[in-house]
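Chain by chain, the residues:
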There are 2 protein chains.
Amino acid sequence: MRKMKYTIKDIAKITGYSVATISRALSGKEGVSEEKRKEILRIIDQLGYIPNQSARRLRSKETKNILVMIPDIENYFFNKLIKGIETEAREKGYNIILGDFSDSQEIEEEYYKMMKGQIADGILIVGSLSEPQKVVEMSRQFPMVVISDYFSDELVTVCIDNFKAAYDATMFLYKCGYRRIAKITGKIGAMLSQDRLKGYKMALENLGLSSDEKYIKYGDFKYESGYKLAKELLSAKPCPDAIFCSNDEMAIGACDAAKELGFSIPDELGVMGFDDIELSSMVTPKITTVHQPRYEMGKLSAQLLINILAGEEISKGKYILDTSIIPRDSTKNANITK
Amino acid sequence: MRKMKYTIKDIAKITGYSVATISRALSGKEGVSEEKRKEILRIIDQLGYIPNQSARRLRSKETKNILVMIPDIENYFFNKLIKGIETEAREKGYNIILGDFSDSQEIEEEYYKMMKGQIADGILIVGSLSEPQKVVEMSRQFPMVVISDYFSDELVTVCIDNFKAAYDATMFLYKCGYRRIAKITGKIGAMLSQDRLKGYKMALENLGLSSDEKYIKYGDFKYESGYKLAKELLSAKPCPDAIFCSNDEMAIGACDAAKELGFSIPDELGVMGFDDIELSSMVTPKITTVHQPRYEMGKLSAQLLINILAGEEISKGKYILDTSIIPRDSTKNANITK
């Protein structure tokens, strides 16, 4: 899968531009027109040229810091991921700078500007509100690894197979005996939310169950949206007999809504989450969910980034970790023979 | 409360040591015997000399980083605190380096060593496993603010009044009609845990209720310890009719234990938490608790540290923020006339 490697001099020969111009285009510095920059980047993409991050870094001062971009530290998904990153980084002599951007694209961009001010040697992206192409362009300027979400094959990405995990979870709900399976998605701008929705739809299709738009609600990963959207779903006629939420926080909200409306869980309504945050086994009923190896994802992503910083060649694309279904009290027992 | 300020030259005159030796003693550098260092620090303590952090910092390179020392990022208490710190720091042009030491003194000390390697301009201590005197000595080497826990009047500390908050919470349980009020403490090495225990004991004393050692269990702030210790408490004869836990995670564990044993909450058993983490209103029953202004504590501590870094004089001692009791479903209604 590795592409042939070109040097910046090769790119200069091929494009006819000077090494300085190409360098400027790559680093996003001024002094090269937007048109010229796009042309150069297009050619570079076609050739599969990978800027020598290590060499570039040697020209600048090493900080031994890694910037970790987190959409919202208050989301319970991230603590174990950060723990994995921090543990690996510290053992390898790196510190982590926390770039919590509070779900604000403005703050996200502030951090990218700080990167240009060399606050860190590399960047771990745990989520982004920017266009995928913007993230890819950033990866040309700074060593980068993406965790959990996915933007492009041009990036090094540590993730799970969200499509397959959601497909399996929907199949599991079917095996538990549920037939009118509704879905509350995560923020639909995120590729991982789209993949979880696609996996759900594909499972329904393969099961011969029709996918009904009124059974699909678009949430935002937060408790309140699970609570509110479950109330909407449970007022539909006929009412769904299961709700598959794209994370555990929304599943907990959905359970609370169902309990308030007098539904008995899991008999009248099954609820399934996603992530397996600690919280999911601390609530009543304990939430059936999809386990994501968050600590391991954090560790692996830090390891890959540090390898890149050390000048190692890391193949681009997805590094996929396994998930598993954790049956708990919010769903009936799966009839495995079915 | 401000003490007269001495310069390093005054200290030299008074002690008879050279400025260089005193500087070495203060910064923890080699070249001065342990005995000599202790003598110098003792005299300095008596005089109330405050090393000019700002001047020291000007001699070294500014990093525009703040190190935030967190005992365990997986504890749900810290997310809002970090959010407050991060927001204030970013607005003032500082980044935060996350020093999660995973409840390990070894890792905590690794981070202090890194501070000597100038990874950050100042340090926010959200908890420590070191001796108070060690933390005080550190504060002579680096600009420092302590949050939430308390070590010494020689430090700038942003906190709540843990004694008073626990006193009020115990009084509240009494007003709800509970009479055999048990306590599950936090890690008892932490001053805040001791203060919460003392407040509980003082309330019982003032109420004329005897404080019974068999009703006091020593927990560690984690769900599992709340669960396990509540089971122990509920097997006592006579059994307590309320459990006041020193944080919400343990209160949630205590509720789960009580439910398993068939206790009806809040009628047969009242459970009270501390902190008001988001989780406490997401579980069943929703937990009655003491609200701590975590975001504001984070913001204020970052603000104070940044002021110190800017060379401002900040009074040492406690900066105390208000708490309030949040009545929810895990306790009966308080009879206010009682």
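In this numbering scheme, every chain counts its residues from 1 along its sequence in written order. For naming, the first written chain is A and the first written ligand is 1, with later ones following in the order written. The predicted origin of the model limits local features to residues at a pLDDT of at least 70 and limits the giving and counting of side-chain atom pairs to 80 or more, whereas totals for whole chains, interfaces and linings rest on all residues. In computing side-chain values, all of the structure's heavy atoms are included and hydrogens and water are not.

Which residues make up the overall build of chain A, and what values do they have?
Helix and strand content of chain A: 12 helices and 12 strands. Relative to a compact globule of 338 residues, whose C-alpha radius of gyration would be 20 Å, chain A shows 22 Å and is just as compact. Dimensions of chain A, computed from the C-alpha atoms along their principal axes, are close to 70 × 40 × 35 Å. In this description, contact between two residues means that some pair of their heavy atoms is separated by no more than 4.5 Å. Considering only residue pairs separated by 6 or more positions, chain A has 72% of its internal contacts joining residues 24 or more positions apart. Numbered from the N terminus, helices here are DSSP runs of H or I no shorter than four residues, and strands are runs of E no shorter than two. Put simply, the radius of gyration uses C-alpha atoms, and a globule should come to 2.2 Å times the residue count raised to 0.38.

An account of the pairing of strand β2 (residues 95–100) of chain B is requested, with residue identities and associated values reported.
All names here are of chain B. When you tally the buried positions in β2, you get six out of six residues, the bulk of the element. A 1.4 Å probe rolled over the protein chains alone gives each residue an accessible area, and that area as a share of the maximum for its type sets the label: buried under 20%, exposed over 50%, partly exposed in between. Burial along β2 is two-sided: the face carrying N95, I97 and G99 and the face carrying I96, L98 and D100 are both buried. Each parallel crossover has a hand, and the one from strand β1 (residues 65–70) via helix α5 (residues 78–91) to β2 is right-handed. Convention used here: a crossover is right-handed provided that the path from the first strand, over the helix, to the second strand proceeds clockwise when the strands point away from the viewer.

Quick rundown of the pattern of salt bridges? Include the residues and the values.
A side-chain nitrogen of Lys or Arg and a carboxyl oxygen of Asp or Glu constitute a salt bridge if their distance falls within 4 Å. Across all of its chains, the model carries 43 salt bridges over all chains by this definition. We note a salt bridge from E74(B) to K80(A), for which the minimum N-O separation is 2.7 Å. You can see E74(B) sitting in the loop between β1 and α5 and its partner K80(A) sitting in helix α5 (residues 78–91), one on each of two chains. Residue classification places K80(A) among the partly exposed residues on the basis of a relative accessible area of 25%. A salt bridge links E213(B) to K201(B); the nearest nitrogen and oxygen atoms lie 3.8 Å apart. With E213(B) in the loop between α9 (191–207) and β7 (216–218) and K201(B) in helix α9, this pair connects stretches of sequence that are 12 residues apart. What emerges from the salt-bridge pattern is a single network uniting K83(A), D72(B), D100(B), D103(B), K187(B) and K222(B).

A description of helix α11 (residues 248–260) of chain B should follow, citing residues and the corresponding values.
Residue and element names in this part refer to chain B. Relative to the 18 Å expected for 13 residues at 1.5 Å per residue, α11 spans 18 Å between its end C-alpha atoms, a close match to the ideal helical length. Burial of α11 is extensive: 11 of the 13 residues sit out of reach of the surface. If you check which residues of α11 are buried, you get D248, E249, M250, A251, I252, G253, A254, C255, D256, A257 and A258. Polar contact is the term for a pair of N or O atoms within 3.5 Å; when the atoms are in protein, one must be able to donate a hydrogen and the other to accept it, and sequence-neighboring residues count only if both atoms are side-chain atoms. The backbone nitrogen of E249 has a side-chain oxygen 3.5 Å away, supplied by the residue at the start of α11, namely N247. Looking one or two places after α11, you find G262, whose phi comes out positive at around 85 degrees. A helix is expected to span 1.5 Å multiplied by its residue count minus one.

Can you break down the environment of K318(A) residue by residue, with the values?
Residue and element names in this part refer to chain A. By the secondary structure assignment, K318 is in strand β11 (residues 317–321). Relative accessible area serves as the criterion here: at 39%, K318 is assigned to the partly exposed category. Taking the C-alpha atoms as reference, K318 lies 19 Å from S130; in sequence the two are 188 residues apart. Filtering out sequence-adjacent residues up to four positions away, K318 remains in contact with Y150, T157 and C159.

Describe the packing of aromatic side chains, listing the residues and the values that go with them.
Residues and elements named next belong to chain A. Think of it this way: a Phe, Tyr or Trp ring, Trp meaning its six-membered ring, pairs with another when their centres are within 6.5 Å, and the plane angle makes it stacked under 30 degrees, edge-to-face over 60, tilted otherwise. Following the criterion strictly, the structure yields nine aromatic pairs over all chains and no others. Directly above the ring of F244 sits K183, whose terminal nitrogen or CZ lies 3.5 Å from the centroid. One residue, R196, lies across the ring of F274, its end atom 3.8 Å from the ring centre. Charge over a ring is defined by NZ of Lys or CZ of Arg lying within 6 Å of the ring centre and within 35 degrees of the ring normal.

Could you give an account of the relation of the copies chain B and chain A, naming the residues involved and the relevant values?
A least-squares superposition brings the copies together, and it is based on the C-alpha atoms of residues with pLDDT no lower than 70 in both. With an RMSD of 0.1 Å, the fit of chain B onto chain A corresponds to turning through 180 degrees and sliding 0.0 Å along the axis. Taken together, the rotation angle and the small translation identify this as a two-fold axis. It is I97(B) whose C-alpha, among those of chain B, lies nearest the rotation axis, at 2.2 Å. Most of the interface of chain B is mirrored in chain A, where 100% of its interface residues are also at the interface.

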